[in-house]
Amino acid sequence: MRHRWRGGAGCERDAGGGGDAAAGALRGLRGRPLVGAAGRRAAQPRRGRRAPRRRSAPGRAGGGRAGVAHAALGGAGTERRRGRAEARRRGHGGAGGLGRGGGGLPGARLGRGLRAAGRREPDDASSDRKGSSSASVQGTSPASSRLTVSQEVYSGGSMRVWSDYLNVHLHPKSIYVIRQYMHDGECGCLEAFGQGESLLQDPGCIEELEDRLHFYVEECDYLQGFQVLCDLHNGFSGVGAKVTELLYDEYSGKGILTWGLTPVMSNMGGSQKNFYRLMNTALGIVHLSSHSSLFCPLSLSGSLGIKPQPPVTFPYINYDASLNYHSSAILAAVLDTLTAPYRLCSSQGSMMHLAETLNFSGRKVVAAWASVPFPALHGCSLPDTLCAYQQDMPWKLLSSCREQKVSCCFAQSVVLRGVCKESHISSCPEKQATSPLHAYESTEQILQHYLHTVFPGAFSTSHVLEQPCNTLPPYPQFFSPLLTRQGFLLDKPPSYSSAAVESIPVLAALQSSPVLHTLLYSLYKDLQKLNTRRWPSFFSAGVEQDDFQEALQELRTLSQCYEMGSEADESEDEADAD
């Protein structure tokens, strides 16, 4: 079983055999790196002899380039990488671009390889660069080459392991192999939280991981922080917990953004695997959030609880939730969009600034929302589009919660991409007199006013990017025929065979919201009903019963941070009853 370092701060599980949501969530389809700083250009290793390793002080992260270091844990996908000289020769991909221009996971360019992420990306994130790796067919043009790739890849049926998507080699320092466990099978798997924790209690393992961590951190002139992607449902939640604790202790004051990924689960009933999943998830949320600046569960699953819920659906995407190839593409586009505020040159914010706008009052868990694609009608302005959604935002919750509608939030960071600056000009002049949105002259002002209208009283920050998410091969073509090549909506399907969708606009948000009370408290109640003593094998791996019960109480306390007035009263009554 193979694991891969991102920014030296973690390891990624080989997604052989299909992997899972985390494996799919950050898989490089074009040989571009993905996990980590979601689009920042990561520093390339310098030519020549490497400087002697040194420990960086917490306030300063060594010499090199500025950026974000990345860690990907669990099945968060991997990609091959060429040697240093060739990496330099091929150049850097576009920032935040999906597919051909930006490479990366089914689209998301989440960090540049496995080291501290480098300079901020230029805002023209979707433009092609010299180093764009693309599959080619001898004797054919680039266009027909991409078509051949699309015919082979779009179905996803032949894609079994992460290496099926990749064209470049991994840097040796980006991989750490965990030999004690198998990736897949009936036995010998990393399936319990305690197993993952115990892996990082081995001095030899810690030394190896720190060596990789410092190798990449030393590339940074100024280190913003770390982005960790990790499975929640298996033993990698324990690995992630220890890695974030290590980062928290060594780099106090740096941002740590952690994404907990879970696959869409089928009905496993009362199986041991289902109860392990629940306990791993609860322990993962508690430990990861305690050592992170911000923690976000990210999944297309409808629930984290005992009873499975249908996966998230999108009105203009026909995807197969059982295919990691499909689910990873959606999650990658969302993740690439959500992290744009601290990656682009035009943004003045940092990773810590983003975290601090959302995590006040102990609310370190946030929910992810996204509209993929954003339902903008072809030829209509942004005010015209938003006027159609005055009551409900046109996005879906991607944090595994049954409650899909939310009418309020405490704070949010919203990113809209793929909308040009001229989108404030209405194509329907008669609407300008009736809608306040048409009075504003910039897309940023329009979006900000809209957010204040839909979420009055909430602290909202917004970012508008012109570049869309590129969806050229090998991004799956699972889009509705109602979409144009640029991802905008048509009134009716075209009479002719429509061309492949090359890019899409995306609306995404991180929210500190009362919906998280439902998510966290429901998980707490499900676990409270269990007789955990029926699963001694889970606790024999290293987690004590008392520690588990303490974590459950911490989960409950965390859920109370998101209560509104009436919910808080009910919670106090329940506490008295207990």
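Residues numbered from 1 in each chain as written. Predicted model: local features only at pLDDT ≥ 70, side-chain atom pairs only at ≥ 80, totals over all residues. Heavy atoms only, no water.

Student: Let's hear about the overall build of the chain: which residues, and what values?
Tutor: Within the chain one finds 16 helices and eleven strands. The buried share of the chain, reckoned over its 578 residues, is 62%. For the chain, restricting intrachain contacts to residue pairs at least 6 apart in sequence, the fraction spanning at least 24 positions comes to 84%. Carbon and sulfur atoms provide 50% of the accessible area of the chain, an area that totals close to 21600 Å². (Helix = DSSP H or I, 4+ residues; strand = E, 2+ residues; numbered from the N terminus. Buried < 20%, exposed > 50% of the residue type's maximum accessible area, 1.4 Å probe, protein only. Contact = heavy atoms within 4.5 Å. Areas by Shrake-Rupley, 256 points an atom, 1.4 Å probe, with all protein chains shown as cover.)

Student: Could you give me a rundown of helix H5 (residues 203–217), with the residues and numbers involved?
Tutor: With 15 residues, H5 should cover 21 Å at 1.5 Å per step; its first-to-last C-alpha distance of 21 Å lies within 8% of that length. Those residues of H5 that fall on the buried side of the exposure criterion are Cys205, Leu209, Glu210, Asp211, Arg212, Leu213, His214, Phe215, Tyr216 and Val217. (Expected span 1.5 Å × (residues − 1).)

Student: Go over the sheet that holds strand S6 (residues 396–397), please, and point to the residues and values.
Tutor: The strands making up a sheet are joined through hydrogen bonds of the backbone, oriented either antiparallel or parallel. What the five strands build is an open sheet, ordered S6-S5-S11-S7-S8; its pairing is mixed. With partners counted over all chains shown, the strands left at the sheet margins are S6 and strand S8 (459–465), one partner each. Where strand S5 (residues 367–371) meets strand S11 (residues 506–512), five bridges bridge the pair, whose relative direction is antiparallel. Paired with serine 371 across the two strands is leucine 507, which belongs to S11. Across the sheet, helix H8 (residues 324–338) lies against S5, strand S7 (411–417) and S11, angled at about 70° from S11, the strand it touches most. (Pairing = 2+ DSSP bridges. Axes fitted to C-alpha atoms, helices over the stretch in contact; angles between N-to-C directions.)

Student: Tell me what's going on with the pairing of S11, and back it up with residues and numbers.
Tutor: Of all seven residues that make up S11, seven are buried, and the element is covered over most of its length. Residues Val506, Ala508, Leu510 and Ser512 line one face of S11 and the alternating positions Leu507, Ala509 and Gln511 line the opposite face, and both faces are buried. Inspection of the sheet shows S7 paired to S11 by seven bridges, in the antiparallel sense. By the bridge assignment for S11, alanine 411 is matched with serine 512.

Student: Provide a residue-level description of a negative patch on the surface, including the pertinent values.
Tutor: Where like charges cluster on the molecular surface, the negative patch consists of Glu544, Asp546, Asp547, Glu550 and Glu554. With respect to the helices and strands, the residue glutamate 544 is situated in the loop between helix H14 (536–540) and helix H15 (545–560). Glutamate 544 gets classed as exposed once you look at its relative accessible area, which sits at 52%. (Patch = residues over 30% accessible without salt bridge, like charges linked within 9 Å, V, L, I, M, F, W, Y side chains within 5 Å. Salt bridge = Lys/Arg side-chain N within 4 Å of Asp/Glu carboxyl O. Lys, Arg positive; Asp, Glu negative; His and termini not counted. Charge placed at Lys NZ, Arg CZ, Asp CG, Glu CD.)

Student: Would you mind going over unusual backbone geometry in detail, with residue names and values included?
Tutor: Note the cis peptide between valine 372 and proline 373, where omega equals -5°. Among the secondary structure elements, proline 373 is positioned in the loop between S5 and helix H10 (382–387). Between proline 473 and the following residue, proline 474, the backbone shows a cis peptide bond with an omega angle of 10°. Among the structural elements, proline 474 can be located in the loop between strand S9 (469–470) and strand S10 (503–504). Phi angles above zero are rare outside glycine, and serine 361 is one such case at about 60°. Among the secondary structure elements, serine 361 is positioned in the loop between helix H9 (351–358) and S5. In this structure, serine 400 takes a positive phi of about 55° despite not being glycine. Within the element layout of this structure, serine 400 appears in the loop between S6 and S7.

Student: Got a sec to walk through the side chain of serine 292? Specific residues and values, please.
Tutor: Along the chain, serine 292 turns up in the loop between helix H7 (272–290) and strand S4 (294–298). Of the polar contacts made by the side chain of serine 292, one reaches the backbone oxygen of leucine 288; its length is 2.5 Å. Beyond its immediate stretch of four places on either side in the chain, serine 292 contacts Thr244, Ile256, Thr258 and Lys364. (Polar contact = N/O pair within 3.5 Å; in protein donor to acceptor, adjacent residues only side chain to side chain.)

Student: Can you break down the pattern of salt bridges residue by residue, with the values?
Tutor: A side chain of one charge can pair with a side chain of the opposite charge if their charged atoms are brought near each other. Taken as a whole and judged by the stated rule, the model has six salt bridges. Close ionic contact of glutamate 208 with arginine 212 constitutes a salt bridge, the shortest N to O distance being 2.6 Å. Of this pair, glutamate 208 and arginine 212 both sit in helix H5, four residues apart, roughly one helical turn. For arginine 212, a relative accessible area of 11% gives the class buried. Salt bridges sharing common partners tie together Asp336, Arg343 and Arg417.

Student: Hey, could you go over the nonpolar core for me, with residue numbers and the actual values?
Tutor: Core analysis: the largest hydrophobic core is formed by 62 residues, its most contacted members being Met279, Ile285, Leu527 and Phe538. Counting residues per element, this core draws most heavily on H7, at nine residues. (Core = buried A, V, L, I, M, F, W, Y, C linked by side-chain atoms within 4.5 Å.)

Student: Give me the lowdown on the packing of aromatic side chains, citing residues and values where you can.
Tutor: All told, the structure shown has 13 aromatic pairs when counted by the stated rule. One aromatic cluster is present, built from ring pairs that chain together Tyr276, Phe538, Phe539 and Phe548. Directly above the ring of phenylalanine 410 sits arginine 363, whose terminal nitrogen or CZ lies 3.8 Å from the centroid. (Phe/Tyr/Trp six-rings, centres within 6.5 Å; stacked < 30°, edge-to-face > 60°. Lys NZ or Arg CZ within 6 Å of the ring centre and 35° of its normal.)

Student: So, the packing of H7 against helix H13 (residues 515–528): which residues are in play, and what are the values?
Tutor: Interhelical geometry of H7 versus H13 gives an angle of 135° and a closest axis separation of 10 Å. With respect to H13, the element H7 is oriented oblique. The interaxial crossing formed by H7 with H13 has left-handed handedness. Contact residues: H7 offers Leu278, Met279, Thr281, Ala282 and Ile285, while H13 offers Leu520, Leu523 and Leu527. Each residue belonging to the contact of H7 with H13 can be placed in one class, and the counts come to seven nonpolar, one polar and no charged. (Parallel < 35°, antiparallel > 145°, perpendicular 65-115°, else oblique. Left-handed = near helix turned anticlockwise from the far one by under 90°. Nonpolar A, V, L, I, M, F, W, Y, C, P; charged D, E, K, R; others polar.)

Student: Outline the confidence of the model for the chain, listing residues and values.
Tutor: Overall, the predicted model of the chain reaches an average pLDDT of 74, with 64% of residues at or above 70. Confidence over residues 1–66 falls short of pLDDT 50; this stretch has 378 contacts with residues more than four positions distant or in other chains. (pLDDT = per-residue confidence, 0-100.)

Student: Hey, could you go over H13 for me, with residue numbers and the actual values?
Tutor: Between the first and last C-alpha of H13 there are 20 Å, a value that for 14 residues agrees with the 20 Å anticipated at 1.5 Å per step. With ten of 14 residues buried, H13 lies mostly within the body of the structure. For H13, the full list of buried residues reads Val515, Leu516, His517, Leu519, Leu520, Tyr521, Leu523, Tyr524, Asp526 and Leu527.

Student: Run through the environment of leucine 489, naming residues and quoting values.
Tutor: Considering the arrangement of structural elements, one finds leucine 489 in the loop between S9 and S10. By relative accessible area, leucine 489 is classed as buried at 8%. Taking the C-alpha atoms as reference points, leucine 489 and cysteine 380, 109 residues apart in sequence, are found 9.6 Å from one another. Leave out the neighbours within four places in its chain, and leucine 489 touches Tyr316, Pro375, Ala376, Leu377, His378, Leu482 and Leu483.

Student: Describe the environment of glycine 362, naming the residues involved and giving the relevant values.
Tutor: For glycine 362, the location among the structural elements is in the loop between H9 and S5. Once the C-alpha coordinates of glycine 362 and serine 290 are considered, the two residues, 72 residues apart in sequence, prove to be 9.8 Å apart.

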